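Architecture and fold: a report
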Amino acid sequence: MPATISPNLTDKPLIRVRTFEQLCEGEVLNQIEHVLPEFVQRQRWFRAKTKTIRGTSIEDCVRWGRRAVMAIVRLQYSDDEHESYFLPIAVYSTQTGWDDTQILARMQDDAGEERLLYNSLEDPEFRSYLLDAIACDREVKGAGKLIGQRSDAFDRFCEAPLLTLKSKISRAEQSNSSIVFEDRYILKLFRKLETGVNPDIEIGKFLTRQGFAHTPPVLGEIRYESAAGDTAYTAILQKFVPNAGDAWKHAQDSVADFFEHALRNPSPPHLDSYDSFDLISEELPPIARQTIGEYIESARLLGTRTAQMHTALSSDANDPDFAPEPFTPEYAQVLYGEMIHEADRTFTLLRQKLDTLPGEAADDANKLVASEQLLREKFKSLRNATVKAMRIRHHGDYHLGQVLYTGDDFVIIDFEGEPARPLAERRAKTLAMRDVAGMIRSFSYAAYAGVFAHWAERSEDGANRQLAEKWAAFWIAWVGAEYLKAYFENAQGALFTDPDRQTQKLLLDVFLLQKALYETSYELNNRPDWVKIPLRGILSLIN
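To continue, consider the environment of L349. Along the chain, L349 turns up in helix α7 (residues 329-353). Here the alpha-carbon distance between L349 and N525, two residues 176 residues apart in the chain, equals 8.9 Å. Among residues more than four places away in sequence, those in contact with L349 are S521, L524 and N525.

Shown next as structure tokens:
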């Protein structure tokens, strides 16, 4: 088990039971509901940390294994919204060391014996039962039922050795929880439950059937069917891909090397345009090759894999969920509405927070507020554009953190989409350029994160930091250009790309603006010191 806590557990709430086997009985569930808000709010997977929990209810309690239950928990917020979460819990002895953050409460039976109500994912036996449920197509009933189902790609049958596989919890997940079984399988639990088809499972299965080699095959799933007949997916099982970390870490390592080489030079060469799209037709200058080094090839490979992903996602015209669809004037209006909504939300928040921003960020924010109309005009141009690119299924939350780096290649993961967006919107078809824009924005973040990391360890003056930011702009421009070159080379003639170069540029720009607006809102609420990254991205596109 993880960190050992103090033997004194008196600060934990106490739940009284007749026996420890009655977890799913009404009186006990009522007591558990009272301790849930404090527990949930300190979990990394809880998404609504800015909201106030007004009430909780356990909608279902499904027994699982010898001592665990799967609780379906409904959280009611003070703004009248609500969400449901998947909570595996169990009763354990207090004699073992425990991670304090995973304890819900103490439990005491009629005999005076005390145990702990604890997150059962920390129990290796429970984790094995999850794998077993998929391998053996098991079904477990409460008011509703949990159903495990294997796919044709699963290479193991229902057998006892599966229960002996060693497992560990991945500490990298935030909005979900992942379990790795001996570097062979990875099981991701979707903690927030959403009724309907989960795009991560849906797209993963489709790409597995299409033989797309650059995403992990889907081996199975666990879904919850409520008593009313609604379905929500609770877990996906995939093949584990050995890796050297995600593409974000790989980019960060490369950016660190880049600064070590680039800052030996007085200044980067001036570019007539720092827009990566404008550099597609330009030859990579020797200074870019020397300073950026091997990451140029990584950017090109990422562009290739992105185009191949979109090719696979648009490859079945007979499947209505994946068949490409035209970009109609009606859809142009829908897309425009989404972008204007993002702008409204961001500018409202920006004006509220303007006086709290640090120096350079405040300057950039004021410039953006003054240029608001220019941004809105950019979105308006989309409504009048003739777009020949077809709409397809897409990744939906595409950035360097959603790609694994194997040491010589990239594997794309996590097709769930942006968690804050409604499920129907995440499953909707749109232009592939949305994914492309997401990766371009991620390059910008990687470069600026490198600047922040470089200066966190140094006390150099502002002039040197400005020099580093000039070099960062140089890195972003050329890495983005090489990524786009490879993408368009591999997507040439594809139905998801527009044949007109000016239209390609327009589509990329509006999606970049929409993504950067989303980032601005996020940074204003979470990392004000980083808000200059998306602000500068927006200003570069509208000025």
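Structure's up, so let's keep going.
This brings us to the confidence of the model for the chain. Mean pLDDT over the chain works out to 91, with 96% of the residues at or above the 70 mark. Considering only residues more than four positions removed or in separate chains, one finds that residues 1-7, a stretch of pLDDT under 50, has 18 contacts.

Next up on the list: the pattern of salt bridges. The full count for this structure, using the stated rule, is 52 salt bridges. K515 is the salt-bridge partner of E418, the closest N and O atoms lying 3.3 Å from each other. Here the residue E418 occupies a position in the loop between β16 (410-412) and α10 (423-427), and K515 occupies one in helix α13 (residues 501-526), the gap between them amounting to 97 residues. One exposure class covers both E418 and K515, and it is buried. A salt bridge links K505 to D509; its shortest N-O distance comes to 3.3 Å.

Even without a glycine there, the phi angle at D137 is positive, about 50°. Tracing the backbone through its elements, the reader meets D137 in the loop between α2 (124-135) and β7 (139-141).

Along the polypeptide, G245 turns up in the loop between β14 (231-239) and α4 (247-262). You can call G245 buried: its relative accessible area is 18%. Sequence spacing of G245 and D60 is 185 residues, and the spatial spacing of their C-alpha atoms is 37 Å. In this structure, G245 is in contact with L404 and Y405, ignoring residues within four places of it in sequence.

Turning our attention to the pairing of strand β13 (residues 218-225). Side chains on a regular strand alternate between the two faces of the sheet. The buried count for β13 comes to seven of eight residues, which makes it a mostly enclosed element. In terms of strand pairing, strand β8 (residues 145-150) meets β13 through six bridges, oriented antiparallel. Looking at β13, one finds that Q149 is bridged to E221. Taken together, the seven bridges between β13 and β14 define a ladder with antiparallel strand orientation. Within β14, the position partnered with V218 by the bridge is Q238. Taking the residues that link successive antiparallel strands as the turn, the β13-β14 hairpin has five residues, and the phi of G229 there is positive, at about 95°.

Counting residues in hydrophobic clusters, the biggest one holds 108 residues, and the most contacted among them are L375, F379, F443, W475 and Y483. Take this core: its biggest share by element is 15 residues, from helix α12 (residues 462-490). Y483 has contacts with A299, L302, G303, T306, Y398, V436, M439, I440 and F443, leaving out every residue within four places of it along the chain. Counting residues in hydrophobic clusters, the runner-up holds 37 residues, among them L131, C136, I179 and L187.

Okay, the packing of aromatic side chains next. Both the distance between ring centres and the angle between the ring planes are used here to describe each pair of aromatic rings. The tally for this structure, following the rule as stated, stands at 20 aromatic pairs. Ring geometry for Y448 against F452: centres 6.5 Å apart, planes inclined by 50°, an arrangement best described as tilted. Of this pair, Y448 and F452 both sit in helix α11 (residues 433-456), four residues apart, roughly one helical turn. As far as burial versus exposure is concerned, Y448 and F452 are alike and both buried. Through successive ring pairs, a cluster of aromatic residues spans W45, F46, Y77 and Y85. The aromatic ring of F322 is capped on one face by R393, whose charged end is 5.0 Å from the ring centroid. Seen from the ring of W530, R527 lies directly overhead, with NZ or CZ sitting 4.1 Å from the centre.

Quick notes on the rules
Residues numbered from 1 in each chain as written. Predicted model: local features only at pLDDT ≥ 70, side-chain atom pairs only at ≥ 80, totals over all residues. Heavy atoms only, no water. Helix = DSSP H or I, 4+ residues; strand = E, 2+ residues; numbered from the N terminus. Contact = heavy atoms within 4.5 Å. pLDDT = per-residue confidence, 0-100. Salt bridge = Lys/Arg side-chain N within 4 Å of Asp/Glu carboxyl O. Buried < 20%, exposed > 50% of the residue type's maximum accessible area, 1.4 Å probe, protein only. Pairing = 2+ DSSP bridges. Core = buried A, V, L, I, M, F, W, Y, C linked by side-chain atoms within 4.5 Å. Phe/Tyr/Trp six-rings, centres within 6.5 Å; stacked < 30°, edge-to-face > 60°. Lys NZ or Arg CZ within 6 Å of the ring centre and 35° of its normal.

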